[in-house]
Amino acid sequence: MRGFDLADLYGTHPYVIPALKGIQRDRFQVISKIWWNKGGIPEPERPDADVVVERFLKELNSDHIDLVLLHCVTSPKWPEELRKQMDILSKLKDQGKIGALGVSCHSLAALEAAATEPWVESVHTRINPYGMSMDGTPEQVVPVLQKIHAAGKGVVGMKIIGEGRLRNDPEKRDASIKFALNLGCVDVLNVGCENIAEMDDLSERVRKVEQKPA
């Protein structure tokens, strides 16, 4: 299954979906994220999630989005502060417009809150063995990811290549991919690529880890 990680903040909706024209919708999954905070995107308005998701569906030319996230939560009280939007998203899921719900976390406190919040079905989290662009050290973050995974929630690992800073260091790229895959609690590696060669390179490094004996 191919997954495409999009977001309102990225401005990617108009570009990615036309490139998938002719491919059956059940052959790929779409993730998108609601930018609920002030700033970040040109529009000053922050309408409720039902308005935003309806716009997403039109932009994506789809009757559903496989996973919708509240983008970049940092507060330890985000489940309380964003409850209105969470409830709206739950109703949209009941209507079949959303497949699953979650958050992308940008602080250790927010990550810990996600671990215990029943509403959360999937978490985007930053993880690599070097602590690059992460919410804490690997020693701090990994136990929380294990807790999230043990609760039956999906864990999508971001910043595997250190937000691109490891792109010219093959040994550290290998080590980072191996680290994430061997944790046993990261379900998906979410790695940005600028060209097909980088995608092929990542796939080969993943296969190299998987082929090693346990």
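Look up a bit, the structure's there.
Residues numbered from 1 in each chain as written. Predicted model: local features only at pLDDT ≥ 70, side-chain atom pairs only at ≥ 80, totals over all residues. Heavy atoms only, no water.

Undergrad: Looking at this model, I keep getting lost on the pattern of salt bridges. Mind explaining?
TA: One pass over the full model with this rule turns up 17 salt bridges. Ionic pairing is found between glutamate 121 and lysine 93, a salt bridge with its closest N-O pair at 2.4 Å. With glutamate 121 in the loop between α5 (108-116) and β5 (122-126) and lysine 93 in helix α4 (residues 83-94), this pair connects stretches of sequence that are 28 residues apart. Residues glutamate 198 and arginine 167 are paired through a salt bridge, measuring 2.5 Å at the closest nitrogen-oxygen approach. (Salt bridge = Lys/Arg side-chain N within 4 Å of Asp/Glu carboxyl O. Helix = DSSP H or I, 4+ residues; strand = E, 2+ residues; numbered from the N terminus.)

Undergrad: Would you take a moment to explain the packing of aromatic side chains for this structure?
TA: Each aromatic ring pair is characterised by the separation of its centres together with the angle its planes make. Scanning the entire structure with this criterion turns up one aromatic pair. Consider the rings of phenylalanine 4 and phenylalanine 28, whose centres lie 6.1 Å apart with planes at 85°: the pair is edge-to-face. Of this pair, phenylalanine 4 sits in strand β1 (residues 2-5) while phenylalanine 28 sits in strand β2 (residues 28-34), and the two are 24 residues apart along the sequence. Among the residues examined, phenylalanine 4 registers a relative accessible area of 25% and is labelled partly exposed. Sitting over the ring of tyrosine 130, lysine 172 keeps its end group 5.2 Å from the ring centre. (Phe/Tyr/Trp six-rings, centres within 6.5 Å; stacked < 30°, edge-to-face > 60°. Buried < 20%, exposed > 50% of the residue type's maximum accessible area, 1.4 Å probe, protein only. Lys NZ or Arg CZ within 6 Å of the ring centre and 35° of its normal.)

Undergrad: Would you mind going over the sheet that holds β5 with me for this structure?
TA: Hydrogen bonds between backbone atoms are what pair the strands of a sheet, whose relative direction is either parallel or antiparallel. Pairing is parallel in the open sheet, where seven strands are placed in the order β1-β2-β3-β4-β5-β6-β7. Only two strands of the sheet have a single neighbouring strand rather than two, namely β1 and β7 (188-189). Direction of pairing for strand β6 (residues 154-158) relative to β7: parallel, over a ladder of two bridges. Note that in β7 the partner of glycine 157 across the bridge is leucine 189. On the sheet, α4 packs against β2, β3 (65-73) and β4 (98-105) and is oriented at approximately 150° with respect to β4. Strands β3, β4 and β5 of the sheet are contacted by α5, whose axis makes an angle of about 150° with β4. (Pairing = 2+ DSSP bridges. Contact = heavy atoms within 4.5 Å. Axes fitted to C-alpha atoms, helices over the stretch in contact; angles between N-to-C directions.)

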